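Now for the letters of each chain:
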Amino acid sequence: THTHLGRLPSIGCWMTILQVYASFYVACKADPGVVTPDNVEFYISCYPYDNTLYYEKICSTCETKKPARSKHCKLCNHCVARYDHHCPWINGCVGQGNYRYFILFLFSTAFTCLYAAYAMANILYYNYAVGYGLFEATYRGKPLDKLMIIKLVIYYAGPVLVGLMFFSFMTGLAVLFFGAYHMYLSGRNVSTTETFRYEEARMRYQMTLEMERENVRVELEERQRQHAQKAAAESGDPAVALEAREGECYMRCERVNPAAADKEAAATLNDSDNDDGPEGDEADDNIGVGAGVGIGAASAASTTKSGSKKKRRRGGGGGPKANAGDGRGGGGGG
């Protein structure tokens, strides 16, 4: 292996491993920025309060002033200045004091994993593919294709070494992207916790805007309704008053259930047919639009038909009585 990789395995491997352990030890042992009564004024002077996410207040658990961008960790049971997150890898918080060492630990781990994948790939290539002469081997007079060479390398080296190579490569990429993400947050001067808090604040702000827009819309509808009532009162025309009543009940129902708006408007107009008298009936005929007019017309038609039937019954009942009376009179006369 050393013949094909040079002095990199003997020097670079040990340097990388020592760097990983050194950065890991420093990240674990360094003070993350625990807020105490002795250093609270120093951390307060580092970042001002924005009165949006951070206000001047006292931590109910630590009973000390809470600096801006700090947070109380429930697992560690203390406030941490410029709190980023609680890392299970280092079994502690990541804050203002050890954030730089945490990023160094991430990049050292990513480089170690990628280097391990590179070293195992070279072992598979030179020790097995080249060492067993698979590139010069033939099968039935034809050279081996690449897929067959890969299968033979896995067969001779074993699936454990190949799987470990892919695992190291994927782990190195994941940790590398994680470190790049923290570098991006550092460039924006934002912590991991603050990204979620800013997102929550943005959602609350959008909800507040939607509520304000709804209130403005309801206020405009109320003003339109009042203006329509005022115009109807000034005009003195029953048709205009009826239109104002229809618009009022429609807007009131549309806020709760738009489908019920037409039904309540029709019911209102039907009531006006019974209560407004001849002037209201004449106004309904002049409007001639809306579902309420149709229902009022149907109600009037049914009322007329029932009245005509009663008159016919009364007229039919009077005829036989009159005839009987005539008969009795005639008999008396005879």
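Described in the following lines is the structure provided in the data block.

Before going further, it helps to spend a moment on the side chain of K66. By the element assignment, K66 lies in the loop between α3 (40-46) and β1 (71-73). Although K66 is buried, it forms no salt bridge, and the closest oppositely charged side chain is E194 at an N-O distance of 11 Å. Setting aside residues no more than four positions away along its own chain, K66 makes contact with Y49, Y55, K57, I58, C59, K71 and H72.

For the rest of this paragraph, the subject is the layout of surface pockets. Quantified by volume, the largest pocket comes out at close to 270 Å³. In terms of lining residues, the largest pocket is bounded by 13 residues, among which L124, A129, I149, I150 and V153 are the most central. Sorting the residues of the lining of the largest pocket by element identifies α4 (99-130), α5 (146-157) and α6 (159-188) as the ones contributing at least two each. Top contributing element to the lining of the largest pocket by residue count: α5, with five residues. Here the lining of the largest pocket is composed, by residue class, of 12 nonpolar, no polar and one charged.

It is at 8 Å that the axes of α4 and α6 come closest, and there the two elements cross at 155°. One way to sum up the angle between α4 and α6 is to call them roughly antiparallel. For the crossing formed where α4 meets α6, the hand is left-handed. Of the residues in the contact of α4 with α6, the class split is 27 nonpolar, seven polar and no charged.

Thresholds applied
- Residues numbered from 1 in each chain as written.
- Predicted model: local features only at pLDDT ≥ 70, side-chain atom pairs only at ≥ 80, totals over all residues.
- Heavy atoms only, no water.
- Helix = DSSP H or I, 4+ residues; strand = E, 2+ residues; numbered from the N terminus.
- Buried < 20%, exposed > 50% of the residue type's maximum accessible area, 1.4 Å probe, protein only.
- Lys, Arg positive; Asp, Glu negative; His and termini not counted.
- Salt bridge = Lys/Arg side-chain N within 4 Å of Asp/Glu carboxyl O.
- Contact = heavy atoms within 4.5 Å.
- 1 Å grid on protein atoms, 1.4 Å probe; cavity = no way out; pocket = protein on both sides within 12 Å on 5 of 7 lines; lining within 4 Å.
- Points joined across faces, edges and corners; volume = space filled by probe spheres on them.
- Nonpolar A, V, L, I, M, F, W, Y, C, P; charged D, E, K, R; others polar.
- Axes fitted to C-alpha atoms, helices over the stretch in contact; angles between N-to-C directions.
- Parallel < 35°, antiparallel > 145°, perpendicular 65-115°, else oblique.
- Left-handed = near helix turned anticlockwise from the far one by under 90°.

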